[in-house]
Number of protein chains: 2
Amino acid sequence: MKKIFDFSLYLVTDQPACQGRNLLEVIRESVRGGVSAVQLREKQLGAREFVDLARRVKTLLEETPVPLIINDRVDVALSAGADGVHLGQDDLHPRDARRLLGFDPVIGLSVNTLEQVREGERLEVDYFGAGPVFPTSTKKDHKSPLGLEGLAAMGKAADKPLIAIGSVSLDTCPDILQTGVDGVAVVSAICSAFSPEQAARRFRTCLSAFRAEKDSHIT
Amino acid sequence: MKKIFDFSLYLVTDQPACQGRNLLEVIRESVRGGVSAVQLREKQLGAREFVDLARRVKTLLEETPVPLIINDRVDVALSAGADGVHLGQDDLHPRDARRLLGFDPVIGLSVNTLEQVREGERLEVDYFGAGPVFPTSTKKDHKSPLGLEGLAAMGKAADKPLIAIGSVSLDTCPDILQTGVDGVAVVSAICSAFSPEQAARRFRTCLSAFRAEKDSHIT
């Protein structure tokens, strides 16, 4: 059965951003602080090490509702029994990934334009990762930042959950949530924090505060 | 049913080595010249482009007995309907690859030590790619070259077909075949040749001459 996961506070790993700390420890702390989903993005690892790492993270997350998502490599996700994959526009086509994964696993898709959102709506994709919101240093691509207005427009165009990614920090989090996105994906603001647990907790507080504010506007 | 393929003259692609020529054209010519197997090794491509390329090569090879093998990416091989994968020691573990691929597709494994040959013999692997025989420029790894003696020792230790790779040229081909290997994998000596077809034909002649010589020794 297809599980419903919570992508509202989505940790995307980046080993260099962990500044020498053990990645598993950073993940454990972040989850304790309130991270609701984890994506392993480890472009520098060979597939064998990537599978080994993914299995260790899977074990770590076993007793939690937090899903493990693998960036790019569907074969790694399948081998490690991960909950899904996150695909960029240059990665395996979601159609091919869905055929290999079957119905249940999550497929996330990176989107950087409204056209990509519209196309993604027609595919068997479970959520969008929209970004970068602001210029970012952790992912070396050359996509133009969306800005808050661009992000808001994408959120409106998307029926599927849309998660903001790219330079999401505690400072920018409130403005990003104002655009109406369903969650934030965080890299360095958690991985490089002195305390990943505390950083995650602060993001969680920001998300809760925003929801409370939204609810008070409705009533 | 598991097909038996001929890996005696195994083209391993390298787009930069094609020097601007169309890779499909280089493959078409090589096959016309006698290449018996093709491996796509395209580390620089995103998975989506890799699948597209693999599908085009698959179509090209459709009417031939030449198998299409994909380097590293099991998900790409499955999506493109390739005949198998070739795995390095850092790639997906052959056990994981076999589980994803099922019984039929070919799995090749790179080996650089006798220990790796012995371990590979215990795995569901169909052939070994042993190398580099001599120092090589097309693959930027830091494995020590086996030399002809090292290659001969590996050939003796292997029950499965063992294909030599790494600086195989028309000059070195006869000496390499003398070591008792079952075939040669060729990169630049075909991809960079003025006529890939003619280069492949010359390798084929070298293989035939060696077999004739071997047969005459037996009688």
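Look a little higher up for the structure.
The following paragraphs examine the structure supplied in this document. Please read all numbers here as calculations on a predicted model, not as lab measurements.

What follows deals with the overall build of chain A. When helices and strands are tallied, chain A shows 9 helices and 8 strands. Scaling as 2.2 N^0.38, a compact globule of 219 residues should have a C-alpha radius of gyration of about 17 Å, and chain A matches this with 16 Å. Dimensions of chain A, computed from C-alpha atoms along their principal axes, come out at roughly 50 × 40 × 35 Å. A burial count over chain A gives 54% of its 219 residues as buried. Considering only contacts within chain A whose residues lie at least 6 apart along the sequence, 59% involve residues at least 24 apart. Here chain A has roughly 10,000 Å² of accessible surface; of this, 52% comes from carbon and sulfur atoms.

We now examine the packing of helix α1 (residues 23–33) of chain A against helix α2 (residues 47–61) of chain A. The geometry of a pair of packed helices is captured by two quantities: the angle between their axes and the separation between those axes. Residues and elements named next belong to chain A. Running from N to C, α1 and α2 cross one another at 30 degrees; their axes reach a closest spacing of 11 Å. The angle between α1 and α2 falls in the class roughly parallel. Between α1 and α2 lies a crossing of right-handed hand. Between α1 and α2, the residues in contact are Leu23, Leu24, Ile27, Arg28 and Val31 and Leu53, Arg56, Val57, Leu60 and Leu61, respectively. Classifying every residue of the contact of α1 with α2 by side-chain character gives 8 nonpolar, no polar and 2 charged.

Here we take up the relation of the copies chain A and chain B. When chain A is brought onto chain B, the operation consists of a screw motion whose angular component is 180 degrees and whose axial shift is 0.0 Å, with 0.0 Å RMSD remaining. The transformation relating the two chain copies, once decomposed into turn and shift, fits a two-fold axis. Residue Asp75 of chain A of chain A places its C-alpha closer to the rotation axis than any other residue of that unit, at 2.5 Å. Residue by residue, 100% of the interface of chain A is reproduced at the interface of chain B, so both copies engage with the same surface.

With that out of the way, let us pick up the interface of chain A and chain B. At the interface, 22 residues of chain A touch 22 residues of chain B. For the pair chain A and chain B, the summed buried area comes to about 1,700 Å², and 46% of that belongs to carbon and sulfur atoms. Three residues, Arg48, Asp75 and Leu92 of chain A, lead the burial of chain A against chain B; their summed loss comes to 35% of the area buried on that side. Remark: the boundary between chain A and chain B carries 4 salt bridges. Arg55 of chain A is paired through a salt bridge with Asp96 of chain B; the nearest N and O atoms lie 2.8 Å apart.

Now for the environment of Ser188 of chain A. Residue and element names in this part refer to chain A. Within the secondary structure, Ser188 sits in helix α8 (residues 188–191). Here Ser188 falls in the partly exposed class, since its relative accessible area comes to 28%. As for Ser188 and Arg118, which are separated by 70 residues in sequence, their C-alpha atoms are 29 Å apart.

This next bit is on unusual backbone geometry. Residue and element names in this part refer to chain A. Residue Gly131 is joined to Pro132 through a cis peptide bond whose omega torsion reads -5 degrees. Note on placement: Pro132 falls in the loop between β6 (127–130) and α6 (147–157). Of note, Asp72 is a non-glycine position whose phi angle comes to about 75 degrees, a positive value. The residue Asp72 is located in the loop between β3 (68–71) and α3 (74–80) in this model. Not every positive phi belongs to a glycine, and Ser167 is a case in point at roughly 60 degrees. Here Ser167 is to be found in the loop between β7 (162–165) and α7 (173–178). Note on Ser167: relative accessible area 33%, which makes it partly exposed.

What follows covers the pairing of strand β4 (residues 84–87) of chain B. All names here are of chain B. In β4, alternate side chains face the same way, and those of Gly84 and His86 on one face and Val85 and Leu87 on the other are all buried. Strand direction decides the pairing type here: strand β3 (residues 68–71) and β4, joined by 3 bridges, are parallel. Residue Ile70 lies in a different strand from β4, and its bridge partner there is Val85. Viewed along the sheet, the connection from β3 through helix α3 (residues 74–80) into β4 turns out right-handed.

What counts and how
Residues numbered from 1 in each chain as written. Chains lettered and ligands numbered in written order. Predicted model: local features only at pLDDT ≥ 70, side-chain atom pairs only at ≥ 80, totals over all residues. Heavy atoms only, no water. Helix = DSSP H or I, 4+ residues; strand = E, 2+ residues; numbered from the N terminus. Rg over C-alpha atoms; globule rule 2.2 N^0.38 Å. Buried < 20%, exposed > 50% of the residue type's maximum accessible area, 1.4 Å probe, protein only. Contact = heavy atoms within 4.5 Å. Areas by Shrake-Rupley, 256 points an atom, 1.4 Å probe, with all protein chains shown as cover. Axes fitted to C-alpha atoms, helices over the stretch in contact; angles between N-to-C directions. Parallel < 35°, antiparallel > 145°, perpendicular 65-115°, else oblique. Left-handed = near helix turned anticlockwise from the far one by under 90°. Nonpolar A, V, L, I, M, F, W, Y, C, P; charged D, E, K, R; others polar. Least-squares fit on C-alpha atoms with pLDDT ≥ 70 in both. Buried area = accessible area lost by both parts, 1.4 Å probe. Salt bridge = Lys/Arg side-chain N within 4 Å of Asp/Glu carboxyl O. Pairing = 2+ DSSP bridges. Right-handed = clockwise from strand over helix to strand, strands pointing away.

Purely geometric stuff here, so don't read any function into it on its own.
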